[in-house]
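So you can see what is in the structure, the chains are spelled out below.
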Amino acid sequence: MSSNSIHIHGEVAPGFESVKALYEHNMRNLFEKQTQLCVYHKGEKVVDLWASVQEGDGFSADSLVNVFSSGKSLEAIAMAWLYGKGLLTYDARVIDYWPEFGANGKQALTIAELMRHEAGLATFGTSIPPEDLLPENLRQNRIGKIIEALPQKFRANQGSTREYHAVTRGWIVNEVFRRIDPAGRTIGEFLAQEISGPLEVDANIGVQAHDLPRVVDVSPLSVRFQILEGLKPRFLGRRMELNVVQTVVRLIRLLPGLRGGTTAGSPPPFVGMEKIAFFNDRSVRMGETPSANATCSARALARIAAMMSSRGKFGPTELISGAAWQAMHDAPDRKDMGFGTTTFTQGGVARFQAADQSFTEADHRFNGGREGFYGWMGLGGSLFQWHPEHDIGFGYVPTSLNVFDLFNERGKTYQAEVLRCVQRR
C-alpha cells in the first residue's frame, strides 16, 4: 500500500499542529486501515482527525467502531451516576442491592471490589448466547441467574485478588445497575438517555438497528502478519512499532504474572465465537456487553472524556454530580493484575501515574506518556481517557487491531504529544 493512498481529514487548533504531524506520520508508516483521533482541552475541541487507506469507503469522523474495553469507563460513569443520585455507595456489598448474588460464598463482595476487578468472577465458565444480552432478555434475568450461581475463583499463589475481568465485569455491573436504577434501565439505555443524548454524541452499548449501517468492522491483524512484519528492520519499512524480538521479550516477561489465572481453558464468552472478529456480528453489536462492545466514535469518547475532565460538567450542563465524580476517582488502590500492577479507583477507572522505584518495565510502558490520565483502553488500540489537571478529554479509535500492542502504546504517542502541546500553551 502506497503512503500516497492514505486520506487524512480534519483539523487541529493552533498549538496542536505537532499532533496532526504525528498522526499523519503514523498513518503513513504504521499498519492502519482507518482511525479517528479527537481531543478536547478546557471544553474546546482542539484535535479532530480521521483517516482511511481507501477513499470512498464511507469511513468518516461519525463512523461507529467497537472500542472493546474502553467501554469499561462508560459503565463506571453509569455507576457514578447512581452514586450521585444517592442510590449507591462503593463500600456497600453487592447483596445490598441484589440479595440473590450472595449465593455460593459471594455475600461479602463490595461494589468497589467489583469495580476494581477483584470479584473473583473473571470467567463464567460458559458461553453466552448473544441474544440473551438484548435489553428485553436481560430483564428476564437470563444473565443474572448465571451470575447468581457462580462461586468466586481467584488467581492461585499470586498474592493479589485482582484479575482482569475482560468481559464479565460489564455483565455483572449491568445486572447491579438495572436493579438499582429507578427506571430499571440497562447501562446501554442509561447511556443513551443520560449521557449520549444530552451531549449529542454517538456512544452506544447495544447498537440500535437503524445505526447498524454506520458501524465499521474491526480487523485483527493476524499473528503471522505481525511476526513477518516484525522481522523487517525499520529502514526497510516495518509497519509495526516493535520488531519481533522486542515483542517476544515483552510477552515472555508477562508470562509469570499470568500463571495461575482463572480464565485459562475457559470457553469463549459468546456461543459461536471462534475469533475476535465475531464481535462484528450483528447479534453481538445489538446486545449489551458493556466491558467489551461499546460502539462509539472518537468524537463521542473525547466529548464524554471532556465532561469527565471538567468534573462532571460540559459547559453549563452537569451530567455527573461533583460528589459522584469525586467518589468515582477516590481511593486509588495499586495491585498486581497479572500483566503488571494497576491502580484502580473505587469507581473502577485506572489512574495512570508517574514512575516510582517500584515500577517494573511493564509498569513504565503502561503509565509512561499518559501520566495524570484516568480511564481505560480497548483491545488492539482504542483509548478513552481524561486528564483532570490539564482538563483534557481524549478519544482514539482504530479499526485495525494490533493485539500485541498490549498497553495501547501507539495511541499513547498521541497522548504524550497532546500533553506537550497543552504544557506549551
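See above for the structure.
Residues numbered from 1 in each chain as written. Predicted model: local features only at pLDDT ≥ 70, side-chain atom pairs only at ≥ 80, totals over all residues. Heavy atoms only, no water.

> What's the story with the packing of aromatic side chains in this structure? I'm lost.
Geometrically, a pair of aromatic rings is defined through the distance of the ring centres and the angle of the planes. Applying the stated rule across the entire model yields 21 aromatic pairs. Relative to Phe190, the ring of Trp81 lies with its centre 5.1 Å away and its plane at 55 degrees, an arrangement referred to as tilted. Taken together, the residues span a long stretch of sequence, with Trp81 in helix H2 (residues 72-84) and Phe190 in helix H7 (residues 187-199) at a distance of 109 residues. Grouping residues by exposure puts Trp81 and Phe190 together as buried. Aromatic side chains Phe270 and Phe279 sit 5.4 Å apart centroid to centroid with 85 degrees between the ring planes, which places their arrangement in the edge-to-face category. Assessed through its relative accessible area of 7%, Phe279 is described here as buried. Taken together, the aromatic side chains of Tyr164, Phe339, Phe344, Phe352, Phe366, Trp376 and Phe407 make up a single cluster linked through ring pairs. A cation over an aromatic ring shows up here: Lys106 above the ring of Phe101, its NZ or CZ 5.0 Å from the ring centre. Arg179 extends its terminal NZ or CZ atom over the ring of Trp98, reaching a point 4.1 Å from the ring centre. (Phe/Tyr/Trp six-rings, centres within 6.5 Å; stacked < 30°, edge-to-face > 60°. Helix = DSSP H or I, 4+ residues; strand = E, 2+ residues; numbered from the N terminus. Buried < 20%, exposed > 50% of the residue type's maximum accessible area, 1.4 Å probe, protein only. Lys NZ or Arg CZ within 6 Å of the ring centre and 35° of its normal.)

> Would you mind going over the state of the cysteines with me for this structure?
Such a bond, covalent and formed between the sulfur atoms of two cysteines, is termed a disulfide. Counted under the stated rule, the structure contains zero disulfides. Sulfur of Cys38: no disulfide; nearest cysteine sulfur belongs to Cys296 and is 13 Å away. Judged by its relative accessible area of 1%, Cys38 falls in the buried class. Between Cys421, a cysteine without a disulfide, and Cys38, which holds the nearest cysteine sulfur, the sulfur-to-sulfur distance is 15 Å. (Disulfide = S-S within 2.5 Å.)

> Is there a simple way to think about the packing of helix H5 (residues 142-149) against helix H6 (residues 168-180) in this case?
Geometry of a packed helix pair, given as the angle between the helix axes and the separation of the axes. Two numbers describe how H5 lies on H6: the axes approach to 10 Å, and their chain directions differ by 110 degrees. Classified by the interaxial angle, the pair formed by H5 and H6 is roughly perpendicular. H6 is crossed by H5, and the crossing has left-handed handedness. Of the residues in H6, those in contact with Ile143, Gly144, Ile147 and Glu148 of H5 are Trp171, Ile172, Glu175 and Arg179. Partitioning the contact of H5 with H6 into residue classes produces four nonpolar, one polar and three charged. (Axes fitted to C-alpha atoms, helices over the stretch in contact; angles between N-to-C directions. Parallel < 35°, antiparallel > 145°, perpendicular 65-115°, else oblique. Left-handed = near helix turned anticlockwise from the far one by under 90°. Contact = heavy atoms within 4.5 Å. Nonpolar A, V, L, I, M, F, W, Y, C, P; charged D, E, K, R; others polar.)

> What is the right way to read helix H14 (residues 409-424) from this model?
Think of an α-helix as turning once every 3.6 residues; residues three or four places apart then point the same way. The end-to-end C-alpha distance of H14, which contains 16 residues, comes to 23 Å, matching closely the 22 Å that a straight helix rising 1.5 Å per residue would cover. Turning to H14, its buried residues number three or more, namely Glu409, Arg410, Gly411, Lys412, Tyr414, Gln415, Ala416, Glu417, Val418, Leu419, Cys421 and Val422. (Expected span 1.5 Å × (residues − 1).)

> What am I meant to see in the side chain of Thr342 here?
Along the polypeptide, Thr342 turns up in strand S11 (residues 341-344). Excluding anything up to four places from it in sequence, Thr342 contacts Arg162, Asp333, Arg334, Lys335, Met337, Phe366 and Trp376.

> Can you help me understand the pairing of S11 in this one?
Within a regular strand, side chains alternate between the sheet's two faces. The pairing of strand S10 (residues 333-336) with S11 spans four bridges and is antiparallel. Note on S11: the bridge partner recorded for Lys335 is Thr342. Adjacent in sequence and paired antiparallel, S10 and S11 are bridged by four residues, among which Gly338 carries a positive phi angle near 110 degrees. (Pairing = 2+ DSSP bridges.)

Any link to function would need more than the numbers given here.
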